[in-house]
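# Descriptive structure summary
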Amino acid sequence: MSVIRRIGFEIWDFVVGDDWINAVAVVAAFGLTAVLAGAGVTAWWVMPVAVPLLLWLSVRRVLRAR
Amino acid sequence: MSGAEIGLALSVFLACAVEAVEALTIVLAVGTTRSWSSALSGVGAATIVLCVVVAAVGPALTSLPIGVLRLIVGGLLLIFGIQWLRKAVLRASGLKALHDEAAEFDEQRAAARAAGAGGGSFDGYSFTLAFKGVLLEGLEVVFIVLTFGANQHHVGIAAIAAGVAVAAVVVLGLAARTPLARVPENTMKFAVGVMLSSFGMFWGTEGAGASWPGSDAALLVIVPAVALFSIGLVWLLRREQETAEMSTAVSAPAALVEPEEVRV
């Protein structure tokens, strides 16, 4: 069990890294894109707005944590 | 070769070269300090594990429907890319120490010397360190090759780009017998962060069901836009730092002068 947990932790750490908020926000932004596209609304603009914002917030979180 | 294929090959080459430089530093440090045979055994064992991962994950990825694949891969690349880009922006703006292969090499060698000598001809320390280093850096290479390659149905091009990058780094490293400190690693990481984020954004959006204006040509706008935004962020952070340093410099003499003024 501890081995499985450790592997799970390593995978989590490898993919998500030290900023899980960023990972959740990326999933939410793609979710919004999917919902808008499904409703027939133009949705390509969501990620170009979200990505710079997420990068900026991620940098700010690191600086605040210092 | 189309523009997207060149972008794929370039991104994979840069990412794999950076990872290979980091793995090489670890292997060189333990190899030159302790035991080459044990370190190379570690490299071999890690390579076998990586091959198993490719054999297991590769076909599973390529068998997914293209929409699902693009959404999953786009999401993973973007999460990964923003992490790379954040570190690169912090390094370029001077808020995080630059990655220094020479310092890393010295640190690894000191740790290798400090660790007790192993009994017998097999050195467990060298094996474990080389194994872990190659496996962890190699997993990132595998991840990038599979995601980029599977998404564009060009795993072959991605694998060739990765192979050329790793071979070039290994040949240069073995010829020099020192870490490749002159490789512009921080700049390369910045470029890789831009590419991962841009391709992640592009594929994820398409996987979510939206269409880019201009289709693939949108990448010609997305990549420069992400790069420009990141460079702008570096400039902004540097300015903030300079302003903070100036205000500290101004307030420090004022604090020294104040008691004098009170006395007068």
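Residues numbered from 1 in each chain as written. Chains lettered and ligands numbered in written order. Predicted model: local features only at pLDDT ≥ 70, side-chain atom pairs only at ≥ 80, totals over all residues.

### As for the interface of chain A and chain B
Listed by partner, the interface residues are 26 residues for chain A and 26 residues for chain B. Put simply, the parts of the chain that give the side of chain A that touches chain B at least two residues each are α1 (2-15), α2 (20-38) and α3 (46-64) of chain A. At 10 residues, the largest contribution of residues to the side of chain A that touches chain B is made by α3 of chain A. Classifying every residue of the side of chain A that touches chain B by side-chain character gives 20 nonpolar, 5 polar and 1 charged. (Contact = placed C-beta atoms within 7 Å. Helix = DSSP H or I, 4+ residues; strand = E, 2+ residues; numbered from the N terminus. Nonpolar A, V, L, I, M, F, W, Y, C, P; charged D, E, K, R; others polar.)

### Regarding the environment of glycine 149 of chain B
All names here are of chain B. When you line up the elements, glycine 149 lands in helix α5 (residues 124-151). For glycine 149, a count of 23 C-beta atoms within 10 Å translates into the label buried. Sequence separation between glycine 149 and proline 184 is 35 residues; the distance between their C-alpha atoms is 25 Å. Filtering out sequence-adjacent residues up to four positions away, glycine 149 remains in contact with His154, Val155, Ile157, Ala158 and Ala159. (Buried ≥ 20, exposed ≤ 12 C-beta atoms within 10 Å, placed from the backbone.)

### A closer look at the environment of glutamine 152 of chain B
All names here are of chain B. Positionally, glutamine 152 belongs in the loop between α5 and α6 (155-176). Residue classification places glutamine 152 among the partly exposed residues on the basis of 17 C-beta atoms within 10 Å. The residues contacting glutamine 152, other than those within four sequence positions of it, are Ala4 and Leu8.

### Structural notes on the packing of helix α3 (residues 66-92) of chain B against α5 of chain B
Residues and elements named next belong to chain B. Put simply, α3 and α5 touch, their axes get as near as 10 Å, and they point 145° apart. In terms of crossing hand, the pair formed by α3 and α5 is left-handed. Across the interface between the two elements, Leu69, Arg70, Val73, Leu76 and Leu77 of α3 pack against Thr147, Ala150 and Asn151 of α5. A breakdown of the residues in the contact of α3 with α5 according to their chemical character gives 5 nonpolar, 2 polar and 1 charged. (Axes fitted to C-alpha atoms, helices over the stretch in contact; angles between N-to-C directions. Left-handed = near helix turned anticlockwise from the far one by under 90°.)

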